[in-house]
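A look at the structure
Spelled out from the first residue to the last, the chains are:
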Amino acid sequence: MPKCKKATAILTAGAPTAPLLAGALAAIYDRGKTFDRFFTSGAGGLVAATFLAPPEGHDASEALSWVVNVGVSDSLYRIFPMPFKVFTKPGPVAPLFESLGRRLHLQVQDKDRRYASDDLRRLYNDLIDLWSTALSPSTLKLFSKGLCQPLPSFGEFVDLHKLNKLQGKYFLNAYNLSKQRMENFKAADITDDHLQAATAFPFIYPPKEIGHDEYIEGATIDPINLPKLNDIKPAIKKKERLILFDVLRDYRPAFIRRPRNLIEAWSVEIFAPTVALAERILEGHSEEIDRPSGRKPRDLKVRVNKKPHTLKLIEFHIKERDYSTLMEWSHSSMVRLWQIGYKAGDDFVEKKGDLLPDRQPYSAMPKD
């Protein structure tokens, strides 16, 4: 087998599609492979952080499987199709109500919590979460800066102390409203505040204040974070492999379509400009875009630091019958997307695994 070259992963935004990215990275980890650096946007940044720095006592694959647990019990979602675990009412006591609700949860018995738990336990826990969210007093008013409470602590998924030690391994974009410019948070600087800033989608979440500046989600301007490759030090070398985890560009009909309900219409309203931005950014960096019969090329020729590079794409084979899962927050949809993502990652390693470095035992860090 040829010697492994350095590989950089680029993870795009899109919260409902995070299970796809998580599944793909879990498969790559399980196959003993990894990446040298991650450039991320939005939810892609949370997935990459989980891969690099899972909580103590858990490996990356196990922690990445927990993403499906933000999905709502199917029995409840059929009646009330609202992602209330992610979108909660704002207010100073909201964290207290969430904490009280968690204390009433029936604990998951599954060894690794993958696809946890049985249907009745999940329904009970999600009903508790729904009522704790509903009963929490809201401070929403006309002059509020966002509909929802900022996302809570990410400690359940990411060991921030571990992530802070990975200098040069991780970059997450956010848009600085105060200075009107895109910024990239580095691994050494990441805190809960930075992760909240990078996922503060306008209107849904209020801008996040860090220091004297306010930030919103970088994906509102750039859902791919590809331009950052031109600024990184040390510079991207010609032989370095660039791997893009992108769902937005390939599955436009899944995101821009006739909605089935008000929540899905809201998702279409969010995804339509995001998909268009992703397409334009890739086209702007590509030397050639050939779309015979409407199909996108599997590899893109791009320029980084004025040098040609090939952008390899992770192929997510999503059948049309599964399109609805891309904007659903039900547990079964999350599991289905995770499984599709896992197969995509497994297939990539099977076909192009020699492009990726081997990882260290019990770690996502590449071998020296």
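The shown structure was predicted, so the numbers you read here are calculated from the model rather than taken from an experiment.

Procedures and definitions
Residues numbered from 1 in each chain as written. Predicted model: local features only at pLDDT ≥ 70, side-chain atom pairs only at ≥ 80, totals over all residues. Heavy atoms only, no water. Patch = residues over 30% accessible without salt bridge, like charges linked within 9 Å, V, L, I, M, F, W, Y side chains within 5 Å. Areas by Shrake-Rupley, 256 points an atom, 1.4 Å probe, with all protein chains shown as cover. Salt bridge = Lys/Arg side-chain N within 4 Å of Asp/Glu carboxyl O. Helix = DSSP H or I, 4+ residues; strand = E, 2+ residues; numbered from the N terminus. Axes fitted to C-alpha atoms, helices over the stretch in contact; angles between N-to-C directions. Parallel < 35°, antiparallel > 145°, perpendicular 65-115°, else oblique. Left-handed = near helix turned anticlockwise from the far one by under 90°. Contact = heavy atoms within 4.5 Å. Nonpolar A, V, L, I, M, F, W, Y, C, P; charged D, E, K, R; others polar. Buried < 20%, exposed > 50% of the residue type's maximum accessible area, 1.4 Å probe, protein only. Pairing = 2+ DSSP bridges.

Right, let's get into a nonpolar patch on the surface. A grouping of Val93, Leu96 and Leu100 is seen on the molecular surface, where their side chains present a nonpolar patch of about 240 Å² in accessible area. Its place among the elements puts Leu100 in helix α5 (residues 94–103).

This paragraph deals with the packing of helix α1 (residues 18–30) against helix α11 (residues 331–352). It is the contact of α1 with α11, at a shortest axis distance of 6 Å, that shows an interaxial angle of 40°. By the angle between their axes, α1 is oblique relative to α11. You can see that α1 and α11 cross each other, and the crossing is right-handed. Listed contacts from α11 to Pro19, Leu20, Ala22, Gly23, Ala24, Ala26, Ala27, Ile28 and Asp30 of α1 are Met334, Leu337, Trp338, Ile340, Gly341, Tyr342, Gly345, Asp346 and Val349. Considered class by class, the residues forming the contact of α1 with α11 number 13 nonpolar, 3 polar and 2 charged.

With that settled, the discussion passes to unusual backbone geometry. You will see that Asn225, though not glycine, has its phi angle at about 65°, which is positive. Along the chain, Asn225 falls in the loop between β6 (213–217) and β7 (241–245). With phi around 60°, Tyr362 is a residue other than glycine that occupies positive phi space. With respect to the helices, strands and loops of the structure, Tyr362 is situated in the segment after α11. Taking relative accessible area as the criterion, Tyr362 reaches 80% and is therefore assigned exposed.

Along the polypeptide, Trp266 turns up in helix α10 (residues 262–285). Considering only alpha carbons, one finds Trp266 and Met327, 61 residues apart in sequence, at a separation of 9.9 Å. Apart from the residues lying within four places of it in its own chain, the contact partners of Trp266 are Phe87, Leu147 and Ile204.

If you want to describe how two helices pack, look at the angle between their axes and the distance between the axes. Relative to each other, α1 and helix α2 (residues 43–52) sit at 25°, their axes nearing to 9 Å. Here α2 runs roughly parallel to α1, going by the angle between their axes. Crossing hand, α1 versus α2: right-handed. Contacts from Ala18, Leu21, Ala22, Leu25 and Tyr29 in α1 reach Ala43, Gly44, Val47, Ala48 and Phe51 in α2.

Its location among the elements puts Lys169 in the loop between α7 (160–164) and β3 (170–176). By relative accessible area, which is 21% here, Lys169 ends up partly exposed. Not counting residues within four places of it along the chain, the set of residues in contact with Lys169 comprises Asp36, Arg37, Phe38, Leu52 and Pro366.

Here we take up the pattern of salt bridges. This structure, assessed with the given rule, holds 19 salt bridges. Between Arg121 and Asp118 there is a salt bridge, and its shortest N-O distance comes to 2.7 Å. In this structure, Arg181 and Glu183 form a salt bridge, with 3.0 Å as the shortest nitrogen-oxygen distance. Using a relative accessible area of 43% as the deciding quantity, one classes Arg181 as partly exposed. Through salt bridges that share partners, Arg257, Arg260, Glu264 and Glu328 make up one connected network.

For the rest of this paragraph, the subject is the pairing of strand β9 (residues 299–304). Of the two faces of β9, only the one carrying Leu300, Val302 and Val304 is buried; Asp299, Lys301 and Arg303 on the other face are not. Where β9 and strand β10 (residues 307–313) come together, 6 bridges link them in antiparallel fashion. Residue pairing in the sheet places Val304 in a bridge with Lys307 of β10. Connecting the antiparallel pair β9 and β10 is a turn made up of 2 residues, with Asn305 showing a positive phi of about 55°.

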